[in-house]
Amino acid sequence: QIRLRTGQHLLGQRLLVQPHLGLSAHRVDRVPAPSAPGLDASSQTHLQQLSSDPVGPLESGHTGIRVGVDVQYDTRPQESRAPRGLRLEAGWVRYIGVTSSFIRFDQLHLSTTGQVPLCGAHHLVGRLSLTHTVARGQASVPYFLRPTLGGARVPGWARHRFVDSDRLLSSVLYRFPIAQP
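Residues numbered from 1 in each chain as written. Predicted model: local features only at pLDDT ≥ 70, side-chain atom pairs only at ≥ 80, totals over all residues. Heavy atoms only, no water.

A. How the structure looks around unusual backbone geometry. The phi dihedral of Leu11 is positive, around 55°, even though this residue is not glycine. Take Leu11: it is sitting in the loop between β2 (8-10) and β3 (15-27). For Leu11, a relative accessible area of 60% corresponds to the exposed category. (Helix = DSSP H or I, 4+ residues; strand = E, 2+ residues; numbered from the N terminus. Buried < 20%, exposed > 50% of the residue type's maximum accessible area, 1.4 Å probe, protein only.)

Given below as structure tokens:
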């Protein structure tokens with residue numbers, strides 16, 4: 001995956017606008033048949049949908065271009081390093097298949113992160129995140145390009161445990177120092 005990103009801060013360093021362009025290549029091996037044992041119902045449905053898609057099943061290699069823009073707004077003042085405040089983020093990406101013109105989709109990402117000081121160096125940090133995927137081409141969005149939920153976001157779960165077109169996450173963390181410097 002190759003990604004080019006540039007950015008510009010505005011409004012006294014509170015607003016960051018970052019247009020980006022990327023090229024990604026994927027190779028998928030050993031795709032199970034829809035009737036393979038051990039698949040849940042949604043995986044079976046997705047594999048059946050891919051194999052009966054009007055454009056035919058996807059090939060194992062796939063290359064695409066991603067173009068989009070990310071916007072971040074931070075309510076915390078830059079000069080005071082205040083721990084209280086929100087950071088709002090939004091992003092839009094359009095994916096266009098290079099090797100297959102049938103695969104095109106948009107993804108919208110919205111998230112907010114907030115921090116509240118408790119006492120001393122103890123803080124509560126909350127996060128809410130939404131990802132929405134919309135197919136724009138003749139083929140459905142391949143599972144390996146959809147939002148995932150797994151061990152990278154939820155400790156203890158297998159990587160890429162759940163895959164769907166949409167994802168809604170929320171978390172609350174309690175941060176405290178283990179040792180004083």
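Read on, since the account is not over.
B. Summary view of the pattern of salt bridges. Under the defined criterion, the tally for this structure stands at four salt bridges. Between Glu89 and Arg87 there is a salt bridge, and its shortest N-O distance comes to 2.7 Å. What makes Glu89 partly exposed here is its relative accessible area of 21%. The salt bridge partner of Asp106 is Arg136, with a shortest N-O separation of 2.9 Å. Highlighted residues: Asp106 in strand β6 (residues 104-117) and Arg136 in the loop between β7 (123-135) and β8 (148-149), separated in sequence by 30 residues. The exposure class of Asp106 is buried, given its relative accessible area of 7%. When salt bridges that share partners are traced, they join Arg94, Asp106 and Arg136 into one network. (Salt bridge = Lys/Arg side-chain N within 4 Å of Asp/Glu carboxyl O.)

C. Here's a closer look at the packing of aromatic side chains. This model, assessed by the stated rule, comprises two aromatic pairs. With a centroid separation of 4.9 Å and an interplanar angle of 15°, the aromatic rings of Tyr95 and Phe105 are classed as stacked. Placement of the pair is Tyr95 in strand β5 (residues 85-97) and Phe105 in strand β6, with a sequence separation of ten residues. Comparing Tyr95 with Phe105 shows no difference in burial state: the two are buried. Taken together, a centroid distance of 5.4 Å and an interplanar angle of 35° make the contact between Tyr174 and Phe176 tilted. On the basis of relative accessible area, Phe176 is assigned to the partly exposed category, the value being 46%. (Phe/Tyr/Trp six-rings, centres within 6.5 Å; stacked < 30°, edge-to-face > 60°.)

D. Main features of a nonpolar patch on the surface. On the surface, Ile2, Leu4, Leu21, Leu23, Ile65, Val67, Ile96 and Val98 cluster together into a nonpolar patch covering about 670 Å² of accessible area. Among the elements of the structure, β1 (2-5), β3 and β4 (61-74) are those that each provide at least two residues to the nonpolar patch. (Patch = residues over 30% accessible without salt bridge, like charges linked within 9 Å, V, L, I, M, F, W, Y side chains within 5 Å. Areas by Shrake-Rupley, 256 points an atom, 1.4 Å probe, with all protein chains shown as cover.)

E. Representation of the environment of Gly97 within the structure. Note on placement: Gly97 falls in strand β5. Assessed through its relative accessible area of 9%, Gly97 is described here as buried. Between the alpha carbons of Gly97 and Arg66 there is a distance of 8.8 Å; along the sequence they are 31 residues apart. Apart from the residues within four sequence positions on either side, Gly97 is in contact with His62, Thr63, Gly64 and Ile103. (Contact = heavy atoms within 4.5 Å.)

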